[in-house]
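# Structural overview for review
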Amino acid sequence: MKRILLLFTCLLVFQLAHAQKSLLSLNEQNKYIYYQVVDLPGAGADSLSKKAAAFAADNKLKGKLTADTTLVIHDKFLTHSSLSFSKHENGEITCTFTIQCKDSKYRFWFTEFVFIPYERDRYGAFVPVSGKQIELDNASSKLEKKELSGYLDQAGAYCQQLGAKLKEYMSQNHSVKKTAAPAVKKIVTDKW
């Protein structure tokens, strides 16, 4: 019974690890992308773009709102070494996070993943290596396959986590556009 339970646990862990690799897809320019479209019936484009800007401000993300209800955010997150036994920051990944709103729906995507490796400085702290940036789209020649796979998994997990936060934030108390019937003026005849 213990062996069956152990086998089932190993298969479940393998399935979860394999599922994260498929979080990032390739777009038409052969660049990694995490893309989702979310429907919110009855929500206006202006209210959705305001909520997206408020989400960015609440999560300390610096973005630029364009005139056509598109918010572009340049974001970064730390990566951790997957090859060594000691977990430490071995770099950061920068990406572009875009949110675009229309009436009753919005979409968001993450693209332009760039890895910046860290090294130890003379004080023992991990700092970015100056002048070294590796685009994850064509990093197979510059990184080992296992390292690249680990970075893609971490990028996919980060995108999924931030996307879930965005969906939850945008779905809370969204204003529904209601078409109000014209008010009918009533005449009171018993008081004169």
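Treat the numbers as computed from the prediction; the structure is a model and nothing was measured. (Residues numbered from 1 in each chain as written. Predicted model: local features only at pLDDT ≥ 70, side-chain atom pairs only at ≥ 80, totals over all residues. Heavy atoms only, no water.)

## Side note on the overall build of the chain
Along the chain, the regular secondary structure elements total three helices and eight strands. Listing each helix as α and each strand as β along the chain from the N terminus yields α-β-β-α-β-β-β-β-β-β-α. When the 192 residues of the chain are sorted by exposure, 34% land in the buried category. When contacts within the chain are restricted to residue pairs at least 6 apart in sequence, long-range pairs at least 24 apart make up 55% of them. Total accessible area computed for the chain in this model is approximately 13,500 Å², and 57% of it derives from carbon and sulfur atoms. (Helix = DSSP H or I, 4+ residues; strand = E, 2+ residues; numbered from the N terminus. Buried < 20%, exposed > 50% of the residue type's maximum accessible area, 1.4 Å probe, protein only. Contact = heavy atoms within 4.5 Å. Areas by Shrake-Rupley, 256 points an atom, 1.4 Å probe, with all protein chains shown as cover.)

## Quick word on the side chain of Gln 100
You can see Gln 100 is positioned in strand S5 (residues 89-102). A polar contact of 3.3 Å, which involves the side chain of Gln 100, links it to the side chain of Thr 70. A polar contact of 2.4 Å, which involves the side chain of Gln 100, links it to the side chain of Arg 107. If we skip the residues at most four places from it in the chain, Gln 100 touches Asp 68, Thr 69, Thr 70, Tyr 106, Arg 107 and Trp 109. (Polar contact = N/O pair within 3.5 Å; in protein donor to acceptor, adjacent residues only side chain to side chain.)

## A short note on unusual backbone geometry
The residue Asn 30 is not glycine, and still its phi comes out positive at about 60 degrees. Inspection of the secondary structure assignment puts Asn 30 in the loop between strand S1 (25-26) and strand S2 (32-39). On the accessibility criterion, Asn 30 (56% relative accessible area) is exposed. If you check the backbone angles, Ser 104 has positive phi at about 70 degrees while not being a glycine. Along the chain, the position of Ser 104 falls in the loop between S5 and strand S6 (105-120). You can call Ser 104 partly exposed: its relative accessible area is 29%.

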